[in-house]
Amino acid sequence: MGQKILYVDMDGVIVDFESAFPRLDPAVRERYRSEEDKIPGLFALMDPMPGAIEAVTELAGLFDTYVLSTVPWGNLSGASQKVEWIQRHFGAEKGTPLWKRIILSHHKNLNRGDFLIDDRDRNGAAQFADHNPGAEWLHFGSERFPDWPAVVEYLRERA
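As the structure is a computational prediction, the values presented were derived from the model and not from experiment.

### Notes on the packing of helix α2 (residues 52–62) against helix α3 (residues 78–90)
(1) Moving on: Look at α2 against α3: their axes get within 11 Å of each other, and the N-to-C directions meet at 85 degrees. With respect to their mutual orientation, α2 and α3 come out roughly perpendicular. Along the contact surface, α2 presents I53, V56 and T57, while α3 presents W85, H89 and F90.

### Quick look at the pattern of salt bridges
(1) Moving on: Applying the stated criterion to the full structure yields 10 salt bridges.
(2) Moving on: Residues R23 and D47 are paired through a salt bridge, measuring 2.9 Å at the closest nitrogen-oxygen approach. In this pair, R23 sits in the loop between β2 (15–16) and α1 (26–31) while D47 sits in strand β3 (residues 47–48), placing the two residues 24 residues apart along the sequence.
(3) Moving on: A salt bridge links E58 to R156; its shortest N-O distance comes to 2.6 Å.

### Description of the layout of surface pockets
(1) Moving on: The space that makes up the largest pocket amounts to roughly 440 Å³.
(2) Moving on: Forming the walls of the largest pocket are 20 residues, and the residues nearest its centre are D11, D37, R120, R122 and N123.
(3) Moving on: Grouping the amino acids of the lining of the largest pocket by side-chain chemistry returns five nonpolar, five polar and 10 charged.

### Considerations on the pairing of strand β1 (residues 5–8)
(1) Moving on: Judged from the four bridges that link them, β1 and strand β4 (residues 64–69) form a sheet pairing that is parallel. Note that in β4 the partner of Y7 across the bridge is Y66.
(2) Moving on: Bridge count for β1 against strand β6 (residues 115–118) is three bridges, and the pairing is parallel. Bridge pairing links L6 to F115 in β6.

How each quantity is defined
- Residues numbered from 1 in each chain as written.
- Predicted model: local features only at pLDDT ≥ 70, side-chain atom pairs only at ≥ 80, totals over all residues.
- Heavy atoms only, no water.
- Axes fitted to C-alpha atoms, helices over the stretch in contact; angles between N-to-C directions.
- Helix = DSSP H or I, 4+ residues; strand = E, 2+ residues; numbered from the N terminus.
- Parallel < 35°, antiparallel > 145°, perpendicular 65-115°, else oblique.
- Contact = heavy atoms within 4.5 Å.
- Salt bridge = Lys/Arg side-chain N within 4 Å of Asp/Glu carboxyl O.
- 1 Å grid on protein atoms, 1.4 Å probe; cavity = no way out; pocket = protein on both sides within 12 Å on 5 of 7 lines; lining within 4 Å.
- Points joined across faces, edges and corners; volume = space filled by probe spheres on them.
- Nonpolar A, V, L, I, M, F, W, Y, C, P; charged D, E, K, R; others polar.
- Pairing = 2+ DSSP bridges.

This is the structure:
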């Protein structure tokens, strides 16, 4: 039997979504108030979450690991920006931890696997385990999984 399958969300899990806002022109921020995820070029401005790069790199050695993220429907450049972000922070060459391991979907529950790390219960995240017997949704940022060290410690024992 092969490695267990692990999916990792981007926004709020690997990527610090909020880190882009101080880098935006205030007029742009005002124009897109309450729809910030539609700002062109937004994803290129985001930093990694603390410990995310090291944690995902380690977990990619223990699990069959994929990024499973949603792209804002109204941001046509969002998909390419997310791929560029992964390449910039994890490498773009064959053999890097997330090389050709990006899945973009608004229905995360349709993916087969063992674990999903996601900070929100939307886009099928909360139903992931319902469609995968024995699978688990690790609610990143929750009391049980507040940060990357807690997630890695939990998953090491389950690899």
